[in-house]
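# Geometric and topological summary
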Amino acid sequence: CWYSFVRCHVGDPGVVDASTPLLTAAYDNYFEDLRTGKNDDRKKPPKLCHSCHIERPLRSKHCKVARKCVLAFDHYCPYVGNTVGRQNYKYFFSYCLLFLVSAAEWQFLAIVYQRRHGRDMGLVLAQMWFGPFMLFGVAMVFMHLQLTYANLTTNEQINLSRYEYLFDIEGGGYHNLFDKGCWHNFIDRFFPPSSEGEVRELMQIQSARTQPTNLLEAAN
């Protein structure tokens, strides 16, 4: 549990900036889009980060606390003192899971100890003390299991309607193109590729979704 906590606290959540490989061009595109007022030949103009001076890849978000853009931004967790993102999500989830296991062990130990010494009131107090910790742990683990199953981040779940890449371009209904099935979603979330590999894949997806629009009008 402590190992997971430390790795989540000090680990890289998946920071992207102008120095990230493959994003050097995004740094130049940022100023080009500002100069031209965003290109009209794209279905959806890229999201610009005016703090990091880049075109943000899909699923990334600028963390206001850490003041950095993070791949697959999930949330900023004050309990671990770090942003939870693409690269440290597995440590955050394992910390939540092992925290629940540790709380259950302490609860079991407290019950056994109080019963052996015939302390009924102590038994009640122990349950009242550890109960909320366990409920909190169960809620966190259950919620993130659901998010992993759907391959969504906490940020995407809360702000679902704000992200056009989670909706079908033609029909407009919900369509998560990152949902690869239960097993592949698990691999994708807990064993992610390097930040460079992730950026490459996201840039390819974004390029496919930002091709020139209204080809029929252009032909006419």
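Predicted, not measured: the structure shown is a model, and the values here were computed from it.

Every buried residue of helix α1 (residues 2-10) is listed here: Ser-4, Phe-5 and Cys-8. Down the axis, α1 shows its buried residues gathered within 100° of arc, on one side only. In this structure, α1 carries Trp-2, Tyr-3 and Val-10 as exposed residues pointing more than 90 degrees from its buried face. Structurally, α1 contributes buried residues whose contacts are with β7 (82-84) and α3 (89-116).

Strand order in the open sheet formed by three strands is β1-β5-β4, with antiparallel pairing between adjacent strands. Sheet topology places β1 (15-16) and β4 (61-63) at the edges, where each strand pairs with a single neighbour. Relative to strand β5 (residues 68-70), β1 runs antiparallel, the two sharing two bridges. Pairing of Val-16 across the sheet is with Cys-69, part of β5.

The next subject is the pattern of salt bridges. Considering all chains together, one arrives at four salt bridges under this definition. A salt bridge links Arg-189 to Asp-74; the shortest N-O distance between them is 3.6 Å. Of the two residues, Arg-189 sits in helix α6 (residues 182-190) while Asp-74 sits in the loop between β5 and β6 (75-77), which places them 115 residues apart along the sequence. Exposure class is identical for Arg-189 and Asp-74. Each is buried. Its salt-bridge partner being Asp-188, residue Arg-86 comes within 2.8 Å of it at the nearest N-O pair.

Another point: the environment of Gln-127. Note that Gln-127 resides in helix α4 (residues 120-150). We classify Gln-127 as partly exposed; its relative accessible area is 38%. Remark: the alpha-carbon pair of Gln-127 and Phe-108, spanning 19 residues in sequence, is separated by 9.5 Å.

This part takes up the confidence of the model for the protein. With 76% of its residues at a pLDDT of 70 or more, the protein has an overall mean of 79. Overall, residues 39-44 carries pLDDT values under 50, and its contacts beyond four positions in sequence, including any with other chains, amount to 18 contacts. A low-confidence stretch, residues 212-220 stays under pLDDT 50, and its non-local contacts, those more than four residues away or across chains, total five contacts.

Thresholds applied
- Residues numbered from 1 in each chain as written.
- Predicted model: local features only at pLDDT ≥ 70, side-chain atom pairs only at ≥ 80, totals over all residues.
- Heavy atoms only, no water.
- Buried < 20%, exposed > 50% of the residue type's maximum accessible area, 1.4 Å probe, protein only.
- Helix = DSSP H or I, 4+ residues; strand = E, 2+ residues; numbered from the N terminus.
- Arc of directions from axis to C-beta.
- Contact = heavy atoms within 4.5 Å.
- Pairing = 2+ DSSP bridges.
- Salt bridge = Lys/Arg side-chain N within 4 Å of Asp/Glu carboxyl O.
- pLDDT = per-residue confidence, 0-100.

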